[in-house]
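Report on the structure
Letter by letter, the chains look like this.
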Amino acid sequence: MGVEGIGARVARKEDKRFLTGKGRYTDDMVVPGMKYACFVRSPHAHAKIRSIDVSAAKAMPGVIDVLDGKQLQADGIGNLICGWMVHSKDGSPMKMGAWRPLAHETVRYVGDAIAIVVADSSGEARDAAEAVEIDYEELPAVTEALSALEGGAPQLHPEAPGNLIFDWQIGDPEATDRAIASAAHVTEIELVNNRLSPNPMEPRATLGIYDEAEDHYTCYTTSQNPHVARLVMSAFYNVAPENKLRVIAPDVGGGFGSKIYIYPEEIVCLWASRKTGVPVKWTSDRTEAFLTDAHGRDHVSKVKMAFDADNRVIALKVDTVANLGAYMSLFSSAVPTYLYATLLSGQYAIPAIHANVRTVYTNTVPVDAYRGAGRPEATYLLERTMETAARELGVSPAELRRKNFIRTFPYQTPVIMNYDAGDYEASLDAAMQAADWAGFDSRRASAAARGKKRGIGMSCYIEACGIAPSAAVGSLGAGVGLWESAEVRVNAVGTIEVLTGSHSHGQGHETTFAQLVAGRLGVPIDSINIVHGDTDKVQMGMGTYGSRSGAVGMSAVVKALDKVEAKAKKIAAHLMEADEQDIVIENGELKIAGTDKTVPWFQVALAAYTAHNLPVGMEPGLKETAFYDPSNFTFPAGCYIAEVEVDPETGKTEIVQFVAADDFGNIINPMIVEGQVHGGLAQGIGQALLENVHYDPDTGQLLTASFMDYAMPRADDLPSFTLSHQNTPCPGNPLGIKGCGEAGAIGSPPALINAITDAIGHNRLTMPATPMKVWQALQPAL
Amino acid sequence: MYATSYHRASSVEDAVRLRGTSDESKYLSGGMTLISTMKQRLASPSDLIDLRHIPGLKGVSVEGRRVTIGAGTPHAEVATSQAIRAVCPAICNLAGHIGDPHVRHMGTIGGSIANNDPAADYPAGLLGLGATVVTDRRSIVADDFFTGLFETALEEGEIVTAVTFEAPEKAGYAKFNNPASRFAMTGVFVAKTAGGVRVAVTGAGSDGVFRHPGFEQALQSNWSPDALVSIAVDASGMMADMHADADYRANLVKVMAKRAVLAAA
Ligand SMILES: Cc1cc2nc3c(=O)[nH]c(=O)nc-3n(C[C@H](O)[C@H](O)[C@H](O)COP(=O)(O)OP(=O)(O)OC[C@H]3O[C@@H](n4cnc5c(N)ncnc54)[C@H](O)[C@@H]3O)c2cc1C
């Protein structure tokens with residue numbers, strides 16, 4: 001391993017750039033002749049567009065052009081699509097309504113784009129956007145999923161009667177119902193998973209450049225997956241064929257899922273650049289981000305969990321309604337189905353599971369994957385139910401979980417997933433010990449003496465990462481494969497470039513990927529550069545989401561390294577007149593094992609490129625490519641414990657301790673992993689205590705459209721975290737790693753709500769548990 | 001932001017003259033409210049008259065128990081003033097909990113009270129202290145100055161030049177933050193002044209900052225949190241929004257009043 005290899009706490013190579021303000025983000029890109037765009041957006045949640053008059057706007061100072069959706073459609077630019085086909089239980093395909101990049105007939109949420117203004121300055125573009133005159137016929141709006149399903153609700157898309165997109169199920173309904181009927185105890189609960197705004201630090205931005213001489217487009221964009229953006233814009237939106245379209249995602253300041261999708265703005269700016277003959281840049285402001293970045297979660301569920309007389313779970317039945325917003329975003333259909341219901345077995349051996357999921361259109365911004373994507377919803381549901389069951393059964397929450405843990409692997413759940421490895425009890429024990437669970441009663445008593453209500457709660461989560469085997473997701477409806485690619489280029493002097501289809505937008509790939517190579521070859525980490533985010537440099541790749549960069553992206557690097565090493569050994573064997581089987585690579589040298597005969601790494605590289613003395617028939621050069629397609633998901637799991645004190649006078653919750661015990665398999669860089677867990681916990685705590693997207697239910701106006709009203713977690717809302725790692729290496733990939741990017745956000749909300757409901761003594765509480773809601777929950781019921 | 005013309009005033013008279021040249025002009029102090037409102041295009045002054053470089057408007061003076069704070073004094077300066085802390089620590093603590101460090105180093109007491117945001121902290125402090133607002137043309141007692149939501153007694157073009165008050169025998173402030181903005185969801189300032197006990201509440205009332213006579217009487221006869229326990233707070237005059245409904249705010253008014261008395265010790 002060494003000081004720079006796998007397992008070392010190497011300081012992040014990219015941080016100097018980021019911390020000194022030298023990062024280069026999309027909005028930093030400036031090209032000659034560049035102009036600025038402003039989008040004209042709907043102020044109404046639902047309206048017909050009677051007419052659009054751009055004449056006054058076009059006459060404004062600095063305006064180059066104002067373009068609308070009719071022109072876009074006339075030029076053959078396609079509608080936005082959802083790339084994952086889900087079928088209803090009656091066999092019918094999901095009902096996808098048309099999402100036009102620029103609406104010209106109907107607008108369906110506040111912020112829906114209608115026209116683009118291109119001007120000399122962003123101020124002039126914005127002035128002119130206000131001068132575009134649109135005659136709307138306002139229509140009634142609906143923002144909540146359950147209301148949208150009611151008879152008489154406003155209808156969003158003619159393709160989807162009753163606003164129902166699909167009515168899908170998984171598992172065995174009959175076996176589940178039978179088990180529930182025979183149960184000794186059934187715990188029933190209704191749960192709401194609140195709606196969240198992703199809020200990456202860097203808002204979305206794009207710069208579209210059309211080069212008429214080459215008939216070629218370049219798109220700078222804030223993307224987690226530039227190749228997927230190119231593929232989709234080329235194959236579905238008819239922006240340009242792939243060979244005529246370069247997509248660059250430079251430094252990207254956080255995504256949390258929201259930058260997976262291809263939004264109207266990048267498509268429209270590319271098209272507008274061709275129409276106007278100038279490069280067109282658009283940068284979202286924060287309110288635009290609240291209005292138009294895909295939101296996360298927004299589920300309402302009914303749950304039944306059935307137990308036998310011995311407190312073993314014998315069945316789980318779930319009925320979920322998921323709000324997908326006004327249009328189906330790129331992976332919106334997969335999140336509340338294959339990324340959610342397939343995790344409903346949790347860490348428990350549950351013989352019968354049935355989940356029914358209905359997805360619904362509403363007059364709100366589209367909802368898609370957000371840190372955790374489906375797994376936080378599953379975990380919240382299961383772990384709130386488990387805790388409630390323990391209280392109803394009068395048993396300790398830890399013992400109820402322990403009794404039901406899966407203990408033998410591989411384990412086939414009734415909901416598709418096949419868990420490969422895990423030791424749930426190890427994390428539970430580690431967390432309980434770190435939290436001094438046994439000492440809680442005395443802490444509760446001393447809090448009571450201070451007038452505080454103290455509570456403790458746990459959550460045992462499992463998630464599926466490293467998405468995913470291409471054939472498996474293909475059979476479930478995915479429109480793409482989810483492998484990853486890598487290229488390892490050894491230069492003639494022995495320095496190395498690793499080109500990866502993974503994309504770093506805060507994860508630290510420039511460090512961890514380099515650690516992998518440094519450890520394998522024993523060369524200095526500074527001799528290795530990680531290249532990503534540019535479709536002209538990197539071969540086709542699938543990008544970063546679902547904690548897949550390590551398990552899938554690095555596995556591709558391992559495969560390419562294997563090939564590079566094999567060739568390097570051949571060359572070294574030739575140079576030293578030895579057998580290639582006897583060559584080992586150590587400390588930057590190729591060595592004949594058991595001797596002191598070596599050739600330095602750089603000399604092998606040089607030999608490969610001078611090609612003066614290579615084995616007969618060998619091609620010059622030292623550069624290899626690999627594609628890695630995983631054979632299974634990976635299954636990080638762990639146990640989180642939250643302990644809180646509630647001030648009964650104000651309802652304010654203070655987190656007095658938070659313990660996270662995670663099994664991520666092998667770990668490349670513990671410091672970076674801890675940072676990922678900290679960030680995930682902050683987001684999960686944000687969901688549990690603070691964050692909530694609030695649309696006015698009557699008008700569909702977004703009331704939480706700035707940080708003055710949308711409560712983000714701040715440093716002083718959070719405790720110091722107590723972390724530990726258990727390790728059951730993942731058997732499915734060469735590095736034995738599982739992924740750590742989302743766990744914190746997945747496991748923490750139920751632990752906190754379990755702790756607060758423990759403190760207040762009942763379950764009538766929804767997220768976010770704001771001071772007002774907790775205070776209300778403490779008032780005598782009327 | 002819409003285009004605007006910037007003017008740097010060299011004196012109060014200069015500022016008033018510049019302000020008079022256009023009826024769409026506005027004074028600029030810390031800009032913590034005005035600039036962000038302009039960025040959101042909710043305000044569009046044709047001209048900005050910058051008051052920050054007028055020498056006489058800045059700084060703190062304490063003579064005996066008389067405290068005078070120049071209108072252009074940033075919150076951070078009030079928060080850390082040893083001279084004020086010696087006679088009235090409550091107002092330092094209030095200033096030290098406004099916004100974040102950026103806001104406290106830019107935002108000013110004059111801008112804050114001229115703006116009179118119903119969730120701002122200083123209005124409670126000034127009303128609770130029975131302070132006097134000094135302008136370029138007169139003195140206005142706090143009871144007359146704050147007239148409603150974002151409304152004050154200031155006339156067109158009138159400039160706040162200073163705030164002055166007699167340090168009370170005791171005073172305390174307790175604030176319950178709005179979880180998102182961290183403005184006061186309810187803030188209560190209590191003071192035992194020469195003229196009697198005063199209790200001022202911000203962040204809660206639907207007409208902005210207000211005094212609570214019931215609390216004042218109770219504390220007048222018994223300066224103790226217990227004196228407030230039996231006094232009802234009427235929810236009907238409370239603000240209600242997605243963060244806090246009227247009943248919850250009414251509860252916070254009482255809880256924060258008790259804590260303010262405790263803080264005053
Ligand atoms: C993120 C954030 C958090 C905040 N949190 C809090 C908080 O917790 N509590 C709180 O109380 N406040 C808070 N504020 C507001 C802050 O205190 C500002 O200082 C205050 O609102 C305005 O002061 P300013 O000097 O910036 O005034 P400006 O923004 O420059 O002006 C505000 C208004 O007052 C007028 N004005 C300015 N100076 C004068 C003068 N001398 N005479 C007459 N009119 C004048 C201007 O024309 C304008 O209409 C927050 C602000 C921000 C941005």
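Residues numbered from 1 in each chain as written. Chains lettered and ligands numbered in written order. Predicted model: local features only at pLDDT ≥ 70, side-chain atom pairs only at ≥ 80, totals over all residues. Heavy atoms only, no water.

Focus on the overall build of chain A
Looking only at helices and strands, chain A features 20 helices and 28 strands. A globule of 782 residues ought to have a C-alpha radius of gyration of about 28 Å, and chain A, at 27 Å, matches this closely. For chain A, the spread of C-alpha atoms along the three principal axes comes to 90 × 70 × 50 Å. With 782 residues in all, chain A has 63% of them scored as buried. Of the contacts formed within chain A by residues at least 6 apart in sequence, a portion of 80% connects residues at least 24 apart. When the accessible area of chain A is evaluated, it comes to approximately 26,900 Å², of which 52% is carbon and sulfur surface. Counting 66 positive and 93 negative side-chain charges, chain A places the averaged centre of each group 1 Å from the other. (Helix = DSSP H or I, 4+ residues; strand = E, 2+ residues; numbered from the N terminus. Rg over C-alpha atoms; globule rule 2.2 N^0.38 Å. Buried < 20%, exposed > 50% of the residue type's maximum accessible area, 1.4 Å probe, protein only. Contact = heavy atoms within 4.5 Å. Areas by Shrake-Rupley, 256 points an atom, 1.4 Å probe, with all protein chains shown as cover. Lys, Arg positive; Asp, Glu negative; His and termini not counted. Charge placed at Lys NZ, Arg CZ, Asp CG, Glu CD.)

Describing the UniProt feature "domain: FAD-binding PCMH-type" (unreviewed entry) in chain B
According to UniProt, the "domain: FAD-binding PCMH-type" (unreviewed entry) feature falls on residues 1-170 of chain B. The span residues 1-170 of chain B is 35% helical and 24% strand by assignment, and the distance between its end C-alpha atoms comes to 45 Å. (UniProt positions renumbered as here; feature names shortened; annotations may be inferred.)

Considering a negative patch on the surface
On the surface, Asp 211, Glu 212, Glu 214 and Asp 215 of chain A cluster together into a negatively charged patch. Residue Asp 215 of chain A is classed as partly exposed on the basis of its relative accessible area of 38%. (Patch = residues over 30% accessible without salt bridge, like charges linked within 9 Å, V, L, I, M, F, W, Y side chains within 5 Å. Salt bridge = Lys/Arg side-chain N within 4 Å of Asp/Glu carboxyl O.)

Regarding the domain arrangement of chain B
All names here are of chain B. According to the domain assignment, chain B consists of domain 1 (5-49) and domain 2 (57-263). Inter-centroid distance (C-alpha atoms) of domain 1 to domain 2 is 26 Å. Contacts between the two partners involve nine residues from domain 1, matched on the other side by 13 residues from domain 2. Together, the buried faces of domain 1 and domain 2 total about 830 Å²; carbon and sulfur atoms form 69% of this surface. At the junction of domain 1 with domain 2, the criterion picks out one salt bridge. (Domains from an automatic or database assignment. Buried area = accessible area lost by both parts, 1.4 Å probe.)

Points about the domain arrangement of chain A
Residue and element names in this part refer to chain A. Domain annotation of chain A identifies domain 1 (31-139 + 201-254 + 259-292), domain 2 (296-467 + 632-778) and domain 3 (483-628). Between the C-alpha centres of domain 1 and domain 2 the distance comes to 36 Å. The partner domain 2 presents 30 residues to the 29 residues of domain 1 that form the contact. Three residues, Trp 84, Tyr 261 and Phe 290, lead the burial of domain 1 against domain 2; their summed loss comes to 28% of the area buried on that side. Put simply, domain 1 and domain 2 have zero salt bridges between them. One can count 12 residue pairs in polar contact (both at pLDDT 80 or more) joining domain 1 with domain 2. Of the residues forming the side of domain 1 that touches domain 2, the biggest block, five residues, is contributed by helix α9 (residues 286-292). (Polar contact = N/O pair within 3.5 Å; in protein donor to acceptor, adjacent residues only side chain to side chain.)

Here we look at the pairing of strand β15 (residues 352-361) of chain A
The two faces of the sheet receive side chains in turn, since in a regular strand these alternate between them. All names here are of chain A. Along β15, nine of the 10 residues are buried, which leaves the element largely enclosed by surrounding structure. Alignment of strand β7 (residues 164-171) against β15, held across seven bridges, turns out to be antiparallel. Within the sheet, the bridge partner assigned to Gly 171 lies in β15 and is His 354. The pairing of strand β14 (residues 313-325) with β15 spans 10 bridges and is classified as parallel. (Pairing = 2+ DSSP bridges.)

What to know about the UniProt feature "domain: Aldehyde oxidase/xanthine dehydrogenase a/b hammerhead" (unreviewed entry) in chain A
The residues that UniProt annotates with the feature "domain: Aldehyde oxidase/xanthine dehydrogenase a/b hammerhead" (unreviewed entry) are residues 20-140 of chain A. Helix makes up 17% of residues 20-140 of chain A and strand makes up 29%, while its end C-alpha atoms are separated by 49 Å.

Focus: helix α11 (residues 397-404) of chain A
Burial within α11 of chain A is extensive, with six of its eight residues counted as buried. Looking at the buried side of α11 of chain A, the elements it contacts are β13 (296-307), β14, α10 (375-393), α12 (424-434), β18 (453-462) and α19 (743-760) of chain A.

Quick look at empty space enclosed by the protein
Residue and element names in this part refer to chain A. One pass over the full model with this rule turns up 10 cavities of 30 Å³ or more. What lines the largest cavity is a set of 13 residues, and nearest its centre among them are Pro 630, Asn 632, Thr 634, Gly 732 and Asn 733. Split into classes, the residues belonging to the lining of the largest cavity amount to six nonpolar, six polar and one charged. Composition of the lining of the largest cavity by domain shows at least three residues from each of domain 2 (296-467 + 632-778) and domain 3 (483-628). (1 Å grid on protein atoms, 1.4 Å probe; cavity = no way out; pocket = protein on both sides within 12 Å on 5 of 7 lines; lining within 4 Å. Points joined across faces, edges and corners; volume = space filled by probe spheres on them. Nonpolar A, V, L, I, M, F, W, Y, C, P; charged D, E, K, R; others polar.)

A short note on unusual backbone geometry
Residues and elements named next belong to chain A. Geometrically, the link from Phe 409 to Pro 410 is a cis peptide bond, its omega value of -5° lying close to zero. Tracing the chain through its elements places Pro 410 in the loop between α11 and β16 (411-412). Here Met 767 and Pro 768 are connected by a cis peptide whose omega angle stands at -10°. Here Pro 768 shows up in the loop between α19 and α20 (771-778). Not every positive phi belongs to a glycine, and Asn 311 is a case in point at roughly 65°. Tracing the sequence through the fold places Asn 311 in the loop between β13 and β14. According to the relative accessible area criterion, Asn 311 is buried, its value standing at 17%.

Examining the interface of chain A and chain B
Contacts between the two partners involve 24 residues from chain A, matched on the other side by 23 residues from chain B. At the boundary of chain A with chain B, total buried surface from both sides reaches about 1,900 Å², with 53% on carbon and sulfur atoms. Counting the contacts that link chain A with chain B gives seven salt bridges. As a salt-bridge pair, Arg 41 of chain B and Glu 130 of chain A come within 3.1 Å of each other at their nearest N and O atoms. Across the contact surface, chain A and chain B share 16 residue pairs in polar contact (both at pLDDT 80 or more). Residue assignment for the side of chain A that touches chain B shows that the elements contributing at least two residues are α4 (122-131) and α20 of chain A. Taken together, the residues that form the side of chain A that touches chain B break down as nine nonpolar, five polar and 10 charged.

A word on the sheet that holds β14 of chain A
Residues and elements named next belong to chain A. With mixed pairing, five strands are arranged side by side in an open sheet as β7-β15-β14-β13-β8. Edge positions in the sheet fall to β7 and β8 (185-196), since each of these pairs with one other strand and no more. The mean inter-strand angle of the sheet, taken between neighbouring strand axes irrespective of direction, is 10°. Pairing analysis gives 11 bridges linking β8 to β13, with the strands arranged antiparallel. For Glu 188, the partnering residue across the bridge sits in β13 and is Lys 304. Where helix α6 (residues 173-181) meets the sheet, its contacts fall on β7, β8, β13, β14 and β15, and the angle it forms with β14 comes to roughly 125°. (Axes fitted to C-alpha atoms, helices over the stretch in contact; angles between N-to-C directions.)

Overview of the pattern of salt bridges
Residue and element names in this part refer to chain A. Enumeration over the complete set of coordinates arrives at 68 salt bridges over all chains. A salt bridge links Glu 425 to Arg 402; the nearest nitrogen and oxygen atoms lie 2.8 Å apart. A residue pair is termed long-range when its members are at least 10 positions apart, and Glu 425 in helix α12 and Arg 402 in helix α11 qualify at 23 residues. Residues participating in the shared-partner salt-bridge network are Asp 436, Arg 443, Arg 450, Arg 454, Glu 643 and Glu 645.

Re the environment of Asp 117 of chain B
Residues and elements named next belong to chain B. By the secondary structure assignment, Asp 117 is in the loop between α7 (109-115) and α8 (122-129). Judged by relative accessible area, Asp 117 falls into the buried class, the value being 16%. In this structure, Asp 117 is in contact with Ser 112, Pro 123, Phe 150 and Phe 183, ignoring residues within four places of it in sequence.

A word on the side chain of Thr 650 of chain A
Relative to the assigned elements, Thr 650 of chain A resides in the loop between β26 (637-646) and β27 (653-663). Judged by its relative accessible area of 0%, Thr 650 of chain A is buried. Separated by 3.1 Å, the side chains of Thr 650 of chain A and Asp 647 of chain A make a polar contact. In contact with Thr 650 of chain A, other than residues within four places in its own chain, are Pro 771 and Trp 775 of chain A together with Phe 176, Tyr 248, Leu 252, Val 255, Met 256 and Arg 259 of chain B.

Here we look at the site of the ligand
All names here are of chain B. Taken together, 27 residues sit near the ligand, with Tyr 27, Ser 29, Thr 33, Thr 108 and Asp 121 positioned nearest. Taking Ser 29, its side chain carries an N or O atom lying 2.7 Å from a nitrogen atom of the ligand. Between Val 160 and the ligand, the recorded distance is 2.9 Å, taken from a backbone N or O atom to a nitrogen atom. Taken together, the elements giving at least two residues each to the shell around the ligand come down to β2 (25-28) and α7. Of the residues that constitute the shell around the ligand, the class distribution is 12 nonpolar, 10 polar and five charged. (Near = heavy atom within 4 Å.)

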